[in-house]
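Here is what each chain is made of, one letter per residue.
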Amino acid sequence: MVIKSEVEEVVKILEGLEVPFYFHAGFGLHLRGLESELDDCDIRVYHPDINEVYQHVKNYSSHEVRLRGSMPYEKGTYDNQCIEILNGTNFDICCRMVADCDIGRFEFPFSNDVFSDVTFLPYENMKLPVASPENLFLYYLVLRRNSIDGKNDEQRVKDLITSGKFNQQKFQQTLSSLPCSDKVQELYFNAINQYAGNGAQK
């Protein structure tokens, strides 16, 4: 469940840091008009020190704030710290994101280019920065959680490929620079071969 007033508060708090941030994962998909789980609201912040972000959020939030360490999931571990805001809307706020999983240790790209590649999309009376379709795709492609984790990342991969919003050429240009690039490329081309059709941008 995502509550408008709580999104407004978090956006105001993060804007006070004066660094780029974007909404991603399920809420990012939702804002892009795609089906997704809305059990929480995920945000990435382009800041070198998550502890500074944590202190800032804790000082200004009207809700309980925690700093979480690594956490296991079906295919491995989320191996980074994450700020949790616990209320009607549960927020997960990360800076760097690392998955230690079956393809190896994968750190998601963390650069000005990534945080500049956003679209401001309407939500209630706001316009929120949302991760690119290619960035969202990479997240689901690498994690590949399923019903054991209460997720269906394979469906999210399929939905993005067939949505007409995902740009294959743009994504392919990033493949060689990614960690575990050979394994990510294998996952990617398997997904494209399985799902690509008229909806996919080439």
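1. Here's the deal with the packing of helix α5 (residues 133-143) against helix α6 (residues 153-162)
So, point 1. As a packed pair, α5 and α6 sit with axes 9 Å apart at the nearest point and diverge in direction by 150 degrees. By the angle between their axes, α5 is roughly antiparallel relative to α6. Viewed along their axes, α5 and α6 form a crossing whose handedness is left-handed. Residue-level inspection shows P133, L136, F137, Y140, L141 and L143 of α5 in contact with α6, the latter providing D153, R156, V157, L160 and I161.
So, point 2. Tallied by class, the residues present in the contact of α5 with α6 amount to 9 nonpolar, no polar and 2 charged.

2. Quick notes on helix α3 (residues 50-60)
So, point 1. Residues I50, V53, Y54, H56 and V57 constitute the buried set of α3. The buried residues of α3 occupy an angular sector of 165 degrees when projected down its axis, which confines them to one face.
So, point 2. Elements in contact with the buried residues of α3: α1 (4-15), β2 (41-45), β3 (64-68), β6 (82-86) and β7 (91-94).
So, point 3. Put simply, D49 is the residue that caps the front of α3, since its side-chain oxygen is 2.9 Å from the backbone nitrogen of N51.

3. Section: the sheet that holds strand β4 (residues 71-73)
So, point 1. One open sheet holds the 4 strands; their spatial order is β4-β5-β8-β9, and the pairing between them is antiparallel. Single-partner strands in this sheet number two, and they are β4 and β9 (104-107). The sheet shows a mean angle of 20 degrees between the axes of neighbouring strands, direction not considered.
So, point 2. Where strand β8 (residues 98-101) and β9 come together, 4 bridges link them in antiparallel fashion. Each bridged residue has a counterpart across the sheet, and for D100 the counterpart in β9 is R105.

4. Points about unusual backbone geometry
So, point 1. The backbone of E124 sits at a positive phi, close to 55 degrees, despite the residue not being glycine.
So, point 2. Overall, E124 belongs to the exposed group, its relative accessible area being 55%.

5. What about empty space enclosed by the protein?
So, point 1. Per the counting criterion, the structure on display carries 1 cavity of 30 Å³ or more.
So, point 2. In this structure, the largest cavity spans a volume of roughly 40 Å³.
So, point 3. As for the largest cavity, its lining consists of Y22, H24, A25, M97, A131, N135, L136 and Y139.
So, point 4. No other element matches α5, which puts 3 residues into the lining of the largest cavity.
So, point 5. Its residues assigned to classes, the lining of the largest cavity shows 6 nonpolar, 2 polar and no charged.

6. So, the layout of surface pockets
So, point 1. Counted as a void, the largest pocket has a volume near 480 Å³.
So, point 2. Along the walls of the largest pocket sit 32 residues, with D40, D42, Y78, D92 and R145 positioned nearest its centre.
So, point 3. When contributions to the lining of the largest pocket are tallied by element, the ones reaching two or more residues are α2 (25-31), β4, β6, β7, β8 and α5.
So, point 4. Among the residues making up the lining of the largest pocket, the classes are represented as 17 nonpolar, 4 polar and 11 charged.
So, point 5. Put simply, the second largest pocket is a space of about 330 Å³.
So, point 6. Forming the walls of the second largest pocket are 15 residues, and the residues nearest its centre are P109, V114, D117, N135 and T174.

Procedures and definitions
- Residues numbered from 1 in each chain as written.
- Predicted model: local features only at pLDDT ≥ 70, side-chain atom pairs only at ≥ 80, totals over all residues.
- Heavy atoms only, no water.
- Axes fitted to C-alpha atoms, helices over the stretch in contact; angles between N-to-C directions.
- Helix = DSSP H or I, 4+ residues; strand = E, 2+ residues; numbered from the N terminus.
- Parallel < 35°, antiparallel > 145°, perpendicular 65-115°, else oblique.
- Left-handed = near helix turned anticlockwise from the far one by under 90°.
- Contact = heavy atoms within 4.5 Å.
- Nonpolar A, V, L, I, M, F, W, Y, C, P; charged D, E, K, R; others polar.
- Buried < 20%, exposed > 50% of the residue type's maximum accessible area, 1.4 Å probe, protein only.
- Arc of directions from axis to C-beta.
- Polar contact = N/O pair within 3.5 Å; in protein donor to acceptor, adjacent residues only side chain to side chain.
- Pairing = 2+ DSSP bridges.
- 1 Å grid on protein atoms, 1.4 Å probe; cavity = no way out; pocket = protein on both sides within 12 Å on 5 of 7 lines; lining within 4 Å.
- Points joined across faces, edges and corners; volume = space filled by probe spheres on them.

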